[in-house]
Structures are given as C-alpha cells and as structure tokens.
Amino acid sequence: MLFRSLRELSKESGSTVTDQVLTRLDHLVGTLHGEVMKVRMDPMESVTKRLPRMVRDLGRKEGKEISLVIEGAQIELDRAILEELGDPLVHILRNAVDHGIEDAKERQKTGKPPVGTITISISRERDMVYVNIADDGRGMNLEKIRSKAVDKEIISEEQARVMSEEETVMLICRPGFSTADEVTDVSGRGVGMDVVQAVVESLGGTLSIESTSGAGSRFTLKLPLTVAIVKMLLIQAQEHIFAIPITRVVRTTRIAREDVKESQGRFYLTFDEDLIPLYFLRKMLSLPNSHNGNDLLTVVIVEVTNRMVGIAVDGVSGQADIVVKPLCYPLDRLVGYSGMTVLGNGMIVPVLDLGNLL
C-alpha cells in the first residue's frame, strides 16, 4: 500500500528522478516478493500423498477394487490454498468411489477392466493451477439428477425440460442435493459438492464438471497460484469502486442498450452466439439506478458457478495487484462481499463475492 501511495504522489509531482527511484524500488520489491512466495509454496504431494490409501479403503468397504493415479504432484501451490484443498478432494473421491466406479461384475458386462481407475492430474498455466479428477465409471444419470432436483423443489419441471447437460450436471453442487437412494458411510448425506464449490470459489477459483454416460466423470478445479496478492479488476457503480478477481473475468465490452433483450423481467445479451443473463451492478448492490443518457453499456463478462453472465457497470477503473483483507465481525455477515482492500490513494475498496450476489 505504501509503494502505491508513493507512486500516486510521484505522478502528481511530475518528478522524473522520483519516478526512476520508484521504478528501481519496484524491481527490488518484486524480487523480494518472489523470494517470499517461494517460502509460501508447497508441492501438491503434501495433500495427495494420503489419498491412494483412502481410496483403497473406501473401495474395499464398497466391494470394489480401485486404483488411484496421481500425476503432477510436484507442482507447487500457496500453502494457504493447500490447507483448504484437502477436504474438497476427499469429497470428490468419495463420490467417485460410491457413485462413479461400478463393481467388478458390472464393469466386465460393459467391457471394462474389473479394476476401476481414478486419475488426479495437476498442471500449471501461468498463474493458475488446474486439478483434474477423472474416473472411468458409469458417469452421471442426467435424467435422475433432473428428477431429484424437481422432487426437492430445487428447479421446476419447466426448467428441467429446457436445462442443458452442463447445467444439469452442476445441479449436484446445490446444497442438500444427493441422488443416493440410501445413506452410506461413503456418501449420500446430501453434503459434499456444495462444500467443494464454496471452498474453490472462496479461494478465487472455479469448479467445472463434465460427465459422459458409461464413460465416467471429470471434475476440474481451476485455482490461483497464490492468495497472498490477487489480481483484481476495479469496476464502478456511481462514484463507488469495487473489485472482482481477474480470474473470473472473461471479457469487458460495450454494447448498445437496444441489443439487450428482456423476458419475464430478466435481461439477456448475446455473447459468442449464446444468450447469457445480464445483471446491473447498481441493482445488485441496491444503489439508486438512473439512466445517464448513454446508449452504450459497459459490460463485464464473468464466469460464475460454471456459467457466463454479464454485469453492466458504470465504468472500469483498471487492474490492481492487491492484498485482500478478510471482513471482521459484524461485517463478515454481509452477503456478497468476500473482503476489503486499500488502494494507493487510501480508498477502501470492497471485494465482491459474485457467487452470492447473483
């Protein structure tokens, strides 16, 4: 925060010498930050090393023989993320053992080897880490998922008829959802995947799920490399500034108001030939909404709960590398905010929790 304040003062003064000194200081601080980050990093192996035995034991309880293959366990992540990652991985593996992998007889009937396989593959792309958990089991029964969701009044029958496969699969992340016919020691309590999604998104990541009938399922956790300093996009609503993680942002664009479609009180726009929901930041935050006379809308396309949505904002103020501070009581009870940060000019900026706002 101090360095950002000095940079702001340098701009105001117009001093070339000060600017050169700050540039050198920026380089030194960047080098120091890199060294500190190395201390914070641990390999994924610290979390995954106990998983093979757990899967074997769970498989034996279910009368199944299952092999767990782990690839890329040497890839490093921020220790703070690794501490939160253990339980989500266990939830996914439990579901794979109980719901995904068939017993030996059923597998042989479908031409599969008697031993089921679950693969955890970890890879890194720039400042993001991808954790893929895939099984070669029976896959998910989409009709059963839709039926259970309707029975539990999570969705209506009309929604079930028009819901895509991708949207249907993500229903398993709704709180209390389970397709298990009876509760077992392994799963079926209606908890698990909602916890996984909540933890991943609290870390600034995303969860996506794919499933093919008869061929298995794949869960992909997209996680930031670190939570120490987070890249944020600064957006405006009236004179207020808010921050959202860059990892959620797909694109910023300008669209004509006449291109916004309305149906049953909801707004939509076309993005990559698909119709996606459009929300207005002022309305989301219960701020006064007034037409400024501009026929163009500034829209930020973001990925939230495995779907694309557009958020109409009053402006985009740029990007910033920030340290997110958690909210303390009673502010931690506010819905839609995951923390706060302070910009170089001293402005306090709330960090939005889009998953709870939309």
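Here the structure is a predicted model, which is why all the values come from computation and not from measurement. Counting starts from 1 at the beginning of each chain's written sequence and moves along it residue by residue. Residue-level local features of this predicted model are given only where pLDDT is at least 70; pairs of side-chain atoms are given and counted only at 80 or more, and the full residue set underlies all totals for whole chains, interfaces and linings. Hydrogens and water are ignored here; the side-chain numbers use all heavy atoms of the structure.

Caption draft 1: How the structure looks around the overall build of the protein chain. Labels follow the DSSP assignment, with helices taken as runs of H or I lasting at least four residues and strands as runs of E lasting at least two, numbered in each case from the N terminus. Across its full length, the protein chain holds 12 helices and 18 strands. Type-normalised accessible area, obtained with a 1.4 Å probe on protein chains alone, sets the label of each residue: buried when under 20%, exposed when over 50%, and partly exposed for intermediate values. When each of the 358 residues of the protein chain is scored for burial, the buried share is 43%. Here the contacts in the protein chain between residues at least 6 apart in sequence split such that 66% fall between residues at least 24 apart. Accessible areas in this description were obtained via Shrake-Rupley with a 1.4 Å probe; residue shielding takes into account the shown protein chains only. Carbon and sulfur atoms provide 50% of the accessible area of the protein chain, an area that totals close to 19,900 Å². Here, two residues are considered to be in contact whenever any of their heavy atoms come within 4.5 Å of each other.

Caption draft 2: Layout of the sheet that holds strand S11 (residues 261-263). The rule for pairing is simple: two strands pair if DSSP sees at least two bridges between them. Here six strands make up an open sheet; going across it, the order is S10-S14-S15-S13-S12-S11 and the pairing mixed. The strands lining the two open edges of the sheet, one partner per strand, are strand S10 (249-256) and S11. The sheet shows a mean angle of 40° between the axes of neighbouring strands, taken without regard to direction. Here three bridges tie strand S13 (residues 274-280) to strand S15 (residues 307-313), and the two strands are oriented parallel to one another. Each bridged residue has a counterpart across the sheet, and for Leu-278 the counterpart in S15 is Gly-310. Note on geometry: axes are C-alpha line fits, over the in-contact stretch for helices, and angles between N-to-C directions span 0 to 180 degrees.

Caption draft 3: A look at helix H5 (residues 79-100). In this model, H5 (22 residues) spans 30 Å end to end at C-alpha, consistent with the 32 Å of a helix rising 1.5 Å per residue. One axis is fitted to the seven residues ending at the residue and one to the seven starting there. The bend at that residue is the angle between these axes. The largest bend along H5 measures about 35° and falls at Leu-85, with the proline Pro-88 one to four residues further on. Of the residues that open H5, the one with a side-chain oxygen 2.9 Å from the backbone nitrogen of Ala-80 is Asp-78. Take the number of residues in a helix, subtract one, and multiply by 1.5 Å to get its expected span. Residues adjacent in sequence count toward polar contacts only when both atoms are side-chain atoms; beyond that, a polar contact is any pair of N or O atoms within 3.5 Å, and within protein one must be able to donate a hydrogen and the other to accept it.

Caption draft 4: Just the nonpolar core, in detail. Only buried Ala, Val, Leu, Ile, Met, Phe, Trp, Tyr and Cys residues count toward a nonpolar core, and they belong to the same one when joined by side-chain atoms within 4.5 Å. Among the nonpolar cores identified, the biggest contains 52 residues, and Ile-118, Val-131 and Ile-209 are the most heavily contacted of them. At nine residues, the largest contribution of residues to this core is made by H5. Discounting chain neighbours no more than four positions away, the residues touching Val-131 are Met-44, Leu-89, Ile-120, Ser-121, Ile-122, Phe-219, Thr-220, Leu-221 and Leu-223. Grouped together as the second largest cluster of nonpolar side chains are 18 residues, Phe-242, Leu-285, Val-304 and Leu-352 included.

Caption draft 5: Molecular detail of the packing of H5 against helix H10 (residues 193-202). For the pair H5 and H10, the least separation of the axes is 9 Å and the interaxial angle reads 150°. Of the possible angle classes, the one that applies to H5 and H10 is roughly antiparallel. Crossing angle aside, the handedness with which H5 passes H10 is left-handed. Contacts between H5 and H10 involve Glu-84, Pro-88, His-91, Ile-92 and Asn-95 from the former and Met-193, Val-195, Val-196 and Val-199 from the latter. By the definition adopted for this analysis, an angle is roughly parallel if under 35 degrees, roughly antiparallel if over 145, roughly perpendicular if from 65 to 115, and oblique otherwise. Left-handed describes a crossing in which the near helix is turned anticlockwise from the far one by less than a right angle; the clockwise case is right-handed.

Caption draft 6: Representation of the confidence of the model for the protein chain within the structure. Of the residues in the protein chain, 89% reach a pLDDT of 70 or more, and the chain-wide mean stands at 85. Along the chain, pLDDT gives the predictor's confidence residue by residue, from 0 to 100. Looking across the protein chain, the model is least confident in helix H1 (residues 2-13), with a mean pLDDT of 63, and most confident in strand S2 (residues 66-71), with 95.

Caption draft 7: Expanded view of the pairing of strand S14 (residues 296-304). Burial within S14 is extensive, with seven of its nine residues counted as buried. Judged from the seven bridges that link them, S10 and S14 form a sheet pairing that is antiparallel. The residue bridging Val-249 from the neighbouring strand is Val-302, located in S14. With seven bridges joining them, S14 and S15 adopt antiparallel strand pairing.

Caption draft 8: Spotlight on helix H4 (residues 51-61). Burial in H4 covers these residues: Leu-51, Met-54, Val-55, Leu-58 and Gly-59. Seen from one end, H4 has its buried residues packed into an arc of 130°, which puts them on one side. Exposed residues on H4 whose side chains face more than 90 degrees from its buried face are Arg-53 and Arg-60. Its buried side turned inward, H4 meets helix H3 (45-48), S2, H5 and strand S4 (116-125). Following H4 by one or two positions, Gly-63 has its phi on the positive side, about 70°. Each direction from the helix axis to a C-beta atom contributes to the arc, which is the arc of those directions.

Caption draft 9: Quick look at the pattern of salt bridges. In what follows, salt bridge is the name for a side-chain nitrogen of Lys or Arg lying within 4 Å of a carboxyl oxygen of Asp or Glu. For the structure on display, the rule yields 11 salt bridges. Close ionic contact of Asp-78 with Arg-40 constitutes a salt bridge, the shortest N to O distance being 2.9 Å. On the criterion of sequence distance, the pair formed by Asp-78 in strand S3 (residues 76-78) and Arg-40 in helix H2 (residues 16-40) is long-range, its members being 38 residues apart. Assessed through its relative accessible area of 0%, Asp-78 is described here as buried. The partner of Glu-102 in a salt bridge is Lys-112, and the shortest N-O contact between them spans 2.9 Å.

Caption draft 10: Summary view of the packing of H4 against H5. Where H4 contacts H5, the two axes come as close as 10 Å, and the packing angle between them is 30°. Crossing angle aside, the handedness with which H4 passes H5 is right-handed. Taking contact as the criterion, the partners of Leu-51, Met-54, Val-55, Leu-58 and Gly-59 in H4 are, on H5, Leu-89, Val-90, Leu-93, Arg-94 and Val-97. Of the residues that constitute the contact of H4 with H5, the class distribution is eight nonpolar, one polar and one charged. Each residue gets one of three labels, nonpolar for Ala, Val, Leu, Ile, Met, Phe, Trp, Tyr, Cys and Pro, charged for Asp, Glu, Lys and Arg, and polar for the others, Gly among them.

Caption draft 11: Local environment of the side chain of Arg-146. Positionally, Arg-146 belongs in helix H7 (residues 142-151). In this structure, Arg-146 is in contact with Ile-155, Ala-160, Met-163, Ser-164 and Thr-168, ignoring residues within four places of it in sequence.

Caption draft 12: Local environment of the environment of Pro-245. Mapped onto the secondary structure, Pro-245 falls in strand S9 (residues 240-245). Residue class for Pro-245 comes out buried when judged on its relative accessible area of 14%. For the pair formed by Pro-245 and Lys-231, sequence separation is 14 residues and the distance between their alpha carbons is 6.1 Å. When sequence neighbours within four positions are dropped, the list of residues in contact with Pro-245 reads Lys-231, Met-232 and Leu-352.

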